[in-house]
Amino acid sequence: MKQLKISTFQAYLFWENVEKNLQNLELKLSGLREKTDLIVLPEMFNTGFTMNARELAEDMNGKTVTWMKKIAEKHRAVVTGSLIIKENDNFYNRLVWMKPDGTYEVYNKRHLFGFAHEDETFTAGNEQKTVELNGWKIRLGICYDLRFPVFLRNKNQAYDLLLLVASWPDRRSAHWRSLIHARAIENQSFVIGVNRVGHDGKQVYHSGHSMCINPNGETVYYKPEDEDLYTFSINYEDLLKTRQYFPFLKDADDFELKLH
C-alpha cells in the first residue's frame, strides 16, 4: 500500500458564475507541478452554495461534469467536488468522484442544511458512499454531514480516509475545526476537509480552514483565510500503526444505521 498524494484547492468562488469559476479553477490547477492522485474542490465549486437550483442545475452530461472529465484526464488524477444536479425532477447536492478514464461515482448529500433552507430545494441522499483509490478506502461526505457522527462512524473499519467538501461559514469555523479533529480521533482515520474562502452572494464570509488531520488528531495540513492549492501525502503505514497500537475501534458499540 503506497502513499496517497492529494491536492486540495481552497478556492475563492464567484457567485452563481459557472463559466468564471471553471476558468479560475482550471487556471489555478494548471499550476500543479507534481503528479497527484486526487484533486479536491469545495462544495458547489462551480456556483457557490446557492439555493438557485432551478436556474443553475445541470445534468450528468452538462458543462461542469464534462469539465471534470477533462481535468481528470489532463492531470491523470481523480477530481472531486460537489455541484447541483437535476435528475428525475429532483435536485441533488451531488459529489462527483471523477476518474481519469472518464468513469465516475457519485454521492448525494445526506444531511441537508435546514438553517439555509437547503432541505426545501434539494432531495437528500439515502446511502453512505465509500470509494477506493490506490488501495485506500475513502468515505465521502459534504459539509453539514460533518455534524452527524453516527452517519460517519467508521464501523468495522469501513474506511481509511474521511473526505468532506464544504462551504462552511467563518462564523461557525470553531465548530468545523473541532469536529474534524473529533471525527479523525474517534474513527481512527485520516480526515480531510476542503472549504472555500471569500464572501458569497449573500455576503456570508468563508475563512477556509481546510485541513488534513491524521488518526492521532495531529495536523498534516491546515490553511485559514487565503485561497490555497496545496499538495501533500498521507501514509498508509501511519494509519496501520495507530490502529495496531491503539486498537480502540474493536471496542466500539455495535449499531444499525437505517437510511430512508
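Details of the structure are given in the entry above.
Treat the numbers as computed from the prediction; the structure is a model and nothing was measured. (Residues numbered from 1 in each chain as written. Predicted model: local features only at pLDDT ≥ 70, side-chain atom pairs only at ≥ 80, totals over all residues. Heavy atoms only, no water.)

Q: Run through the side chain of R94, naming residues and quoting values.
A: Examined against the element boundaries, R94 turns out to sit in strand β4 (residues 90–98). Here R94 falls in the buried class, since its relative accessible area comes to 3%. A polar side-chain atom of R94 sits 3.0 Å from a polar atom in the side chain of E87. A distance of 2.7 Å separates a polar atom in the side chain of R94 from a polar atom in the side chain of N108. The residues touching R94, leaving out its near neighbours within four places in the chain, are M60, G81, S82, L83, I85, E87, V106, Y107, N108 and I142. (Helix = DSSP H or I, 4+ residues; strand = E, 2+ residues; numbered from the N terminus. Buried < 20%, exposed > 50% of the residue type's maximum accessible area, 1.4 Å probe, protein only. Polar contact = N/O pair within 3.5 Å; in protein donor to acceptor, adjacent residues only side chain to side chain. Contact = heavy atoms within 4.5 Å.)

Q: Lay out the sheet that holds strand β5 (residues 104–108) with the relevant residues and their values.
A: With mixed pairing, the 6 strands of this open sheet are ordered in space as β5-β4-β3-β2-β1-β13. Taken across any chain shown, the strands that pair with only one partner, and hence form the sheet edges, are β5 and β13 (228–234). The mean inter-strand angle of the sheet, taken between neighbouring strand axes irrespective of direction, is 30 degrees. Those strands touched by helix α1 (residues 18–29) are β1 (4–10), β2 (38–40) and β13, and its axis lies near 135 degrees from that of β1. (Pairing = 2+ DSSP bridges. Axes fitted to C-alpha atoms, helices over the stretch in contact; angles between N-to-C directions.)

Q: Which residues make up the layout of surface pockets, and what values do they have?
A: The space that makes up the largest pocket amounts to roughly 410 Å³. Lining the largest pocket are 22 residues, with F49, F113, A116, P169 and R172 positioned closest to its centre. For the lining of the largest pocket, a count of residues per class yields 11 nonpolar, 4 polar and 7 charged. (1 Å grid on protein atoms, 1.4 Å probe; cavity = no way out; pocket = protein on both sides within 12 Å on 5 of 7 lines; lining within 4 Å. Points joined across faces, edges and corners; volume = space filled by probe spheres on them. Nonpolar A, V, L, I, M, F, W, Y, C, P; charged D, E, K, R; others polar.)

Q: Which residues make up helix α3 (residues 63–75), and what values go with them?
A: Taking 1.5 Å as the rise per residue, α3 with 13 residues should run 18 Å; its terminal C-alpha atoms sit 18 Å apart, in good agreement. Every buried residue belonging to α3 is among T64, V65, W67, M68, I71, A72 and H75, and all of these are buried. Summarising the axial view, the buried residues of α3 lie within an arc of 155 degrees, below the 170-degree limit, and thus occupy one face. Here the buried face of α3 lies against α1, β2, β3 (78–87) and β4. R76, located one to two residues past α3, shows a positive phi value of around 50 degrees. (Expected span 1.5 Å × (residues − 1). Arc of directions from axis to C-beta.)

Q: Describe the packing of aromatic side chains, with residues and values.
A: Taken as a whole and judged by the stated rule, the model has 13 aromatic pairs. Taking the centre distance of 5.5 Å and the plane angle of 15 degrees together, the rings of Y221 and F232 count as stacked. Here the residue Y221 occupies a position in strand β12 (residues 219–224), and F232 occupies one in strand β13, the gap between them amounting to 11 residues. The rings of F113, F115, Y144 and F148 are connected pair by pair, giving a single aromatic cluster. Positioned over the ring face of F255 is K155, at 5.1 Å from the centre of the ring. Sitting over the ring of Y12, R196 keeps its end group 5.9 Å from the ring centre. (Phe/Tyr/Trp six-rings, centres within 6.5 Å; stacked < 30°, edge-to-face > 60°. Lys NZ or Arg CZ within 6 Å of the ring centre and 35° of its normal.)

Fair warning: the whole summary comes from geometry, so function is off the table for now.
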